[in-house]
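Structure at a glance
The chain contents come next:
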Amino acid sequence: MKQVLRCVTMVTVSMGLLGIALGGRGQAQDEATPPFALDAAALRPGQYVGAASCASSNCHGSVQPRDVYGVRQDEYFIWLKQDRHTQAYNVLLTELSARIARNLKLAQPAHESKVCLDCHAVYVPRDAQARPLDLAEGVSCEACHGPAGGWLARHTESGWTHEMSVQAGMKDLRDLAVRGQTCLSCHLGDAHKTVNHELIAAGHPDLIFELDNYSAVMPPHWDQFSEKRKAQGREDFQSARVWAVGQVVAFREGMLQLARRARSNDWPEFAEMNCYACHHALREGEWRQIRGYKFKAGLPSWNPARYAVMRVLVSAFAPQQRERLNAQVERLERYIAYMNTPPEQVATTALGLAETMERVIPQIRQADIDTAAAARLIDAIAAEVPYLIDAEIHSVEQAIMAINALASAMARDNPAFARGGITRTIDKLYQDVKDRERFDRAQFARHMAELRRQIQ
Ligand code: HEC
Ligand code: HEC
Ligand code: HEC
Ligand code: HEC
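Within any chain, residue numbers begin from 1 and follow the written order of that chain's sequence. As a convention, the first chain written is A and the first ligand written is 1, with the rest following in written order. Given that this is a predicted model, residues contribute local features only at a pLDDT of at least 70 and side-chain atom pairs are listed and counted only at 80 or more, while totals for whole chains, interfaces and linings are drawn from all residues. The basis for every side-chain value is the complete set of heavy atoms in the structure, and neither hydrogens nor water enter the calculation.

With respect to the coordination of the iron atom of ligand 4
Our working rule: Coordinating N, O and S atoms are those within 2.8 Å of the metal (3.2 Å for Na, K and Ca), and as water is not part of the atoms, a site may appear to have fewer donors than expected. Irregular is the label for any site that misses the other tests, which are tetrahedral for four donors with all angles between 85 and 135 degrees, and square planar for four donors or octahedral for six when opposite donors exceed 155 degrees and the remaining angles lie between 65 and 115. Numbered from the N terminus, helices here are DSSP runs of H or I no shorter than four residues, and strands are runs of E no shorter than two. Think of it in three bands: residues with accessible area under 20% of the maximum for their type are buried, residues over 50% are exposed, and the middle band is partly exposed, with areas taken using a 1.4 Å probe on protein chains only.
Protein coordination at the iron atom of ligand 4 comes from His-197 (NE2) and His-279 (NE2), with a distance range of 2.0 Å. Because the angles between the six donor atoms bound to the iron atom of ligand 4 fall within 86 to 178 degrees, the donor set is best described as octahedral. Of this pair, His-197 sits in helix H8 (residues 197–202) while His-279 sits in the loop between helix H12 (275–278) and helix H13 (287–291), and the two are 82 residues apart along the sequence. By relative accessible area, His-197 is classed as partly exposed at 24%.

Concerning the site of ligand 2
Rules: It suffices for a single heavy atom of a residue to lie within 4 Å of a molecule or strand for the residue to be listed as near it. Two N or O atoms count as a polar contact when they lie within 3.5 Å, although within protein this holds only if one can serve as hydrogen donor and the other as acceptor, and sequence-adjacent residues are included solely when both atoms are side-chain atoms. Classification used: nonpolar for Ala, Val, Leu, Ile, Met, Phe, Trp, Tyr, Cys and Pro, charged for Asp, Glu, Lys and Arg, polar for all others including Gly.
Lining the immediate environment of ligand 2, one finds 21 residues, of which Cys-141, Cys-144, His-145, His-221 and Arg-229 sit closest. Here a nitrogen atom of ligand 2 sits 2.8 Å away from a polar atom, N or O, in the side chain of His-221. The contact in question runs from an oxygen atom of ligand 2 to an N or O atom on the side chain of Arg-234, over 3.3 Å. Elements that contribute at least two residues to the shell around ligand 2 include exactly helix H2 (75–82) and helix H5 (141–145). Within the shell around ligand 2, the residues separate by chemical class into ten nonpolar, five polar and six charged.

What about the coordination of the iron atom of ligand 3?
The iron atom of ligand 3 binds to the protein through His-85 (NE2) and His-187 (NE2), with metal-donor distances spanning 2.0 Å. Angles of 85 to 179 degrees at the metal separate the six donor atoms of the iron atom of ligand 3, which places the site in the octahedral class. Of this pair, His-85 sits in the loop between H2 and helix H3 (95–103) while His-187 is found in helix H7 (residues 176–187), placing the two residues 102 residues apart along the sequence.

Here's the deal with helix H14 (residues 310–317)
Definition in use: Should any heavy atoms of two residues lie within 4.5 Å, those residues are considered in contact.
Those residues of H14 that sit buried are Met-310, Val-312, Leu-313 and Val-314. Elements that come into contact with the buried residues of H14 comprise helix H11 (239–262), helix H15 (322–337), helix H16 (343–366) and helix H17 (371–382).

Description of the site of ligand 1
In the vicinity of ligand 1 lie 23 residues, with Arg-84, Cys-116, Cys-119, His-120 and His-204 positioned nearest. The side chain of Arg-84 places a nitrogen or oxygen atom 2.6 Å from an oxygen atom of ligand 1. Between ligand 1 and Tyr-214 there is a distance of 3.2 Å, counted from an oxygen atom to a side-chain nitrogen or oxygen. When contributions to the shell around ligand 1 are tallied by element, the ones reaching two or more residues are H3, helix H4 (114–120) and H7. Looking at the shell around ligand 1, the element that brings in the most residues is H4, giving four residues.

Here's the deal with the nonpolar core
The condition is simple: By nonpolar core we mean a set of buried residues, namely Ala, Val, Leu, Ile, Met, Phe, Trp, Tyr and Cys, connected to one another through side-chain atoms within 4.5 Å. Boundaries between domains were set according to an automatic or database domain assignment.
Formed by 84 residues in total, the largest nonpolar core has its most connected members in Trp-243, Phe-251 and Phe-444. Each of domain 1 (33–223) and domain 2 (238–277 + 285–455) accounts for three or more of the residues forming this core. Those residues within four positions of Trp-243 in sequence are excluded, and the remaining contacts are Glu-210, Asp-212, Val-309, Leu-313, Leu-377, Ile-381, Ala-402, Ala-405 and Leu-406. With nine residues, the next largest nonpolar core counts Leu-38, Leu-43, Val-49 and Ala-168 among its residues.

Some remarks on the side chain of Asp-118
The topology assignment puts Asp-118 in helix H4. With residues near it in sequence (within four places) discarded, Asp-118 still touches Tyr-123, His-192 and Lys-193.

Things to note about the domain arrangement of the protein chain
Test applied: Accessible area, probed at 1.4 Å, shrinks when two parts are joined; the buried area is that loss added up over both. Here a salt bridge means any side-chain nitrogen of Lys or Arg lying within 4 Å of a carboxyl oxygen belonging to Asp or Glu.
With domains assigned, the protein chain is organised as domain 1 (33–223) and domain 2 (238–277 + 285–455). One C-alpha centre belongs to domain 1, the other to domain 2, and the line joining them spans 28 Å. With 24 residues of domain 1 in contact, the opposing surface of domain 2 contributes 29 residues. Carbon and sulfur atoms make up 57% of the surface buried where domain 1 meets domain 2, a total of about 2,000 Å² over both sides. Ranking the residues of domain 1 by area buried against domain 2 places Leu-176, Leu-188 and Asp-212 at the top, with a combined share of 25%. At the junction of domain 1 and domain 2, the tally comes to two salt bridges. A salt bridge links Asp-206 to Arg-436; the nearest nitrogen and oxygen atoms lie 3.4 Å apart. Elements that contribute at least two residues to the side of domain 1 that touches domain 2 include exactly H7, strand E1 (189–190), strand E2 (193–194), H8 and helix H9 (211–217). By residue number, the principal contributor to the side of domain 1 that touches domain 2 is H7, which donates five residues. Of the residues in the side of domain 1 that touches domain 2, the class split is eleven nonpolar, seven polar and six charged.

Remarks on the packing of aromatic side chains
Aromatic ring pairs are described here by two measures, namely the spacing of the ring centres and the angle between the planes. Selection criterion: We call Phe, Tyr and Trp rings a pair once their centres come within 6.5 Å, taking the six-membered ring for Trp, and we label the pair stacked below 30 degrees between planes, edge-to-face above 60, and tilted otherwise. When the NZ atom of lysine or the CZ atom of arginine is within 6 Å of a ring's centre and also within 35 degrees of its normal, the charge is said to sit over that ring.
Scanning the model with the defined rule gives seven aromatic pairs in all. Here the aromatic rings of Tyr-76 and Trp-79 are separated by 5.6 Å at their centres, their planes lie at 45 degrees, and the arrangement is tilted. Placement of both Tyr-76 and Trp-79 in helix H2 is noted, with a separation of three residues, approximately one turn of the helix. Exposure remark for Tyr-76: the relative accessible area of 15% places this residue in the buried category. Chaining the aromatic ring pairs together yields one cluster made of Phe-251, Trp-302 and Tyr-307. Just above the ring of Tyr-387 sits the side chain of Arg-311; from NZ or CZ to the centre is 3.8 Å.

Structure representation (structure tokens):
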């Protein structure tokens, strides 16, 4: 099984911190020509048109940045040549997908099953398709940007604004909360789709996500740091904010998902719990016995992966919400640890937490996470080692991705920073979690201590 973090490790650290330009762009390639067999005038808002409609070299399919219409215009080319999302449908044809389908006892093969296509393609009803969509395009433009029927024909007219497109059905991905939620609808799940323990046990990778690292790995087909976008006051110009908003939105979405699961017939849902509470070797004197149990010994605990680091952010930028958040989390932990708690109580607590996040999110979006603030956050996260290693590896992974996102932001302001020892230390941290089964808690703690010395 492919390890996501492995890929994040190599690409992000080198891209984010060393600023290595991506290869492959601007080489001689046949420019894509769209089969523009669409009657543009007949398109309706809410209709999907397919990636080929965006692919003309005059539009988004240039091999080089052009910037005639105020965007790069090689978005299609970047997506086609470098983005894993183009493979999202193809992976449903692999042996692994066949095994997953077999284990789930699906009536159809994976590439014909709604449960898979919902996240691995643009899979919408026929009457929402302006022309029959090609599922093999995978996760293409409209999976993120929304159906183009309402704006395709007019969005290049002079005087047409982004807001007008949004009115006509485009997702406002400039808004970081909307962006995070869009990615998470597949990378965590929403009301219509999810990767639960049944899918994981059948063979699906368990989903981890962090907005800034994952955007860097994608790679982005937008110029996040151009002067023009800075002048427009884009929210993501401060890249640490991408991480921060991603954190709080992911926690909210995680709580909404938990509430849905608690109210479903599949509760208790093991994917909400610490994986290694159940999946570990039966040896005496293991670290869990040494650590001790917060609740009754021998019961699986809640998996705090989306909370472990997020709470540092709340302490820094929304301290008034901290007590309420901690108290609610404490309650949720207790309810989940005692598996006979009525599921409705779990659901209500999770919804209460989602509501707390509605208060936190606006404050995080306004937070000014400059270089000094980023350094303080890295230090605060590195100080969480005791909590992190008791929580288990998913929380440790989130901490490392957070440190990478924050350090990348600092390096952007001050390139000399990336040339210090810190890049090597972050590499060591990624190595620490490369193989989840061989995670060495003491070594990780040493590397985090090293990081704290460097950030001082
Ligand atoms: C809630 C959305 C969702 C659903 C439902 C879903 N997947 Fe996935 N799947 C993902 C995401 C997101 C990834 C990428 C995970 C990552 O790399 O972080 C993925 C990865 C995979 C991979 C690994 C691909 C690789 O490159 O190694 C396979 C195989 C796969 N899915 C098959 C399936 C099958 C088969 C089904 C249906 C039974 C399914 N998925 C249902 C979201 C989903
Ligand atoms: C996995 C999600 C995803 C997919 C797939 C995707 N995009 Fe994007 N796209 C984004 C995000 C996120 C942004 C950044 C939004 C912003 O800041 O405006 C973006 C930005 C853009 C922009 C710049 C917008 C601006 O205001 O500067 C264009 C143009 C664009 N995408 C076109 C495309 C096209 C064409 C495709 C298909 C070939 C595509 N995108 C596929 C997520 C996606
Ligand atoms: C419609 C569902 C969907 C949406 C929306 C979506 N993704 Fe994905 N994403 C997937 C699937 C499915 C895969 C697995 C593709 C594969 O393995 O070939 C994936 C893979 C990825 C990968 C590659 C991970 C790896 O293991 O190499 C990155 C990075 C990624 N997505 C980032 C994002 C970001 C950032 C956004 C939002 C801007 C986003 N995705 C939105 C479904 C989605
Ligand atoms: C409450 C206990 C429990 C928790 C928590 C739990 N699992 Fe499982 N898991 C099981 C059981 C029971 C099986 C079936 C094992 C068998 O048949 O051997 C299983 C099977 C699996 C399998 C397939 C069989 C294997 O051992 O490879 C995978 C993979 C898996 N779980 C991953 C996870 C992940 C990832 C998490 C956390 C997100 C998790 N599990 C959380 C109990 C749990």
